[in-house]
Amino acid sequence: MANGTIDASKLTTTLTTTPKTIPALDKLSFGKNFTDHMLLIRYNEETGWQAPEIKPYGPLEIDPAAFVLNYSVEAFEGMKAFRSADGTINLFRPEKNMQRLSTSSQRIMLPEFDHEQLLQCIKELVKVDERFVPNEYGYSLYIRPNFIGTEPNLNLQYSREALLYVYLSPVGPYFPRTVRLLANSKEARAWPGGVGNYKLGGNYAPAMRPAMEAVKEGFDQILWLLGDDLYITEVGTMNFFIFWDNEDGDRELVTAPLDGVILPGVTRDSLLELARKWGEFKVSERRVTMPEMIKALEEGRLVEAFGAGTACVVCSIEDVSYEGKVYKIPVDPNNPKAVFGPLAKRLHAELLDIQYGRVASPWLVPV
Ligand SMILES: *Cc1c(COP(=O)(O)O)cnc(C)c1O
């Protein structure tokens, strides 16, 4: 159905006449500060992909009857640009985000696009707003691509017009601390045959009420349990990892498999690859249930548990409440004040070393 594709060589740039002041690093709060420019690429089934434009950041004009506003035809991504000590700016495994945006958007009948060409346009946008990429270790420029159906048409077929746009937000380091989870088996974020494995806006609105109810009770995030066997799927909007001595007595790092209810996180994939490269313990993608985790805790076999995602990289879990009972999760037995377990800390440090260019890695792509 797509005619032509995105052509980065046709990109035009209109610079702002009112540049913003760079926000002070200590004043950054996640996703509230935006840069001077945005990237817009329009699609129309008749004419295909139009020339990409970089324009001053500002409101979009959208028809009230647009598909996105009625039927939630929206896919998004989250990735980051990092500045190395030598000043160069790099993206972390960006082709993974291009691939996932493509997979997500095709699930909701948005058109295919050329991944390389979109990435080229995103790099141009980051270059134009280069002064917003913080030069402090731990800080970065968050990149948010949104892809929406814009055809004004109430007929439930598919959107024949679309807009792919990208904007940027300088972000601070995630303040490292352990999180307290409320296990939820009553509501589901995702289910077999559903769309939990795609990054679609429609997955997030229904998760907000359970999440806010948990926050009101003093928890940070939800531990999503699925089905009668209480399969542990994800933590809030992070992938879940458990590090334990399994029933066979093997030290093992486990995360849920990509079985259709798990969001295929780039961080998840990266941590699995790092741990497999070390070769120091078993690394598995398989289902773990809440009763299995409780049994391991009671038998003293559970070493650590953590969430993983682009925003915080890794986030150690302090306790999980389930049916009124609080299950304490070990963080670091040698340091009662630790904000990371030893494994979480090591993975966090290795990934940041790669992202900030302190060690060479094919995962780092220069802007
Ligand atoms: C984005 C997201 C993740 C993490 O993915 P990353 O690519 O590692 O940032 C995990 N779970 C959900 C539900 C997500 O939306």
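Residues numbered from 1 in each chain as written. Predicted model: local features only at pLDDT ≥ 70, side-chain atom pairs only at ≥ 80, totals over all residues. Heavy atoms only, no water.

Colleague: Can you lay out the overall build of the protein chain for me, pointing to particular residues and giving the numbers?
Modeller: Looking only at helices and strands, the protein chain has seven helices and 19 strands in total. Against the 2.2 N^0.38 benchmark of 21 Å for 367 residues, the protein chain shows a C-alpha radius of gyration of 21 Å, consistent with a compact globule. Overall size of the protein chain, expressed as C-alpha extent along the three principal axes, is 65 × 50 × 40 Å. Relative to its 367 residues, the protein chain shows a buried fraction of 53%. Long-range pairs, those at least 24 residues apart, make up 71% of the contacts in the protein chain with a sequence separation of at least 6. Carbon and sulfur atoms form 52% of the exposed surface of the protein chain, whose accessible area is close to 16900 Å². Taking the 39 positively charged and 48 negatively charged side chains of the protein chain as two groups, their mean positions are separated by 4 Å. (Helix = DSSP H or I, 4+ residues; strand = E, 2+ residues; numbered from the N terminus. Rg over C-alpha atoms; globule rule 2.2 N^0.38 Å. Buried < 20%, exposed > 50% of the residue type's maximum accessible area, 1.4 Å probe, protein only. Contact = heavy atoms within 4.5 Å. Areas by Shrake-Rupley, 256 points an atom, 1.4 Å probe, with all protein chains shown as cover. Lys, Arg positive; Asp, Glu negative; His and termini not counted. Charge placed at Lys NZ, Arg CZ, Asp CG, Glu CD.)

Colleague: Summarise the UniProt feature "modified residue: N6-(pyridoxal phosphate)lysine" (unreviewed entry) in the protein chain; cite the residues concerned and give the values.
Modeller: Annotation from UniProt places "modified residue: N6-(pyridoxal phosphate)lysine" (unreviewed entry) at Lys-199. Relative accessible area serves as the criterion here: at 15%, Lys-199 is assigned to the buried category. Residues within four places of Lys-199 in sequence aside, it is in contact with Ala-75, Phe-76, Glu-77, Gly-78, Arg-100, Ser-104, Tyr-204 and Leu-263. (UniProt positions renumbered as here; feature names shortened; annotations may be inferred.)

Colleague: So what's going on with the packing of aromatic side chains? Residues and values would help.
Modeller: Tallied over the entire structure, the rule returns 16 aromatic pairs. Measuring from centroid to centroid gives 5.1 Å for Phe-30 and Tyr-142, while their planes differ by 70 degrees, and the two rings are edge-to-face. You can see Phe-30 sitting in the loop between β1 (12-13) and β2 (37-44) and its partner Tyr-142 sitting in strand β8 (residues 140-149), a full 112 residues away along the chain. Residue classification places Phe-30 among the partly exposed positions, given a relative accessible area of 49%. Residue class for Tyr-142 comes out buried when judged on its relative accessible area of 10%. When the centroid spacing of 5.2 Å and the interplanar angle of 70 degrees are considered together, the rings of Phe-76 and Tyr-204 count as edge-to-face. Here Phe-76 is found in strand β5 (residues 74-76), whereas its partner Tyr-204 is found in the loop between β10 (179-184) and α4 (205-216), with 128 residues between them in sequence. In this structure Phe-76 comes out as buried when scored by relative accessible area, which is 9%. Members of the aromatic cluster, connected to one another through ring pairs, are Phe-34, Tyr-57, Tyr-165 and Tyr-167. (Phe/Tyr/Trp six-rings, centres within 6.5 Å; stacked < 30°, edge-to-face > 60°.)

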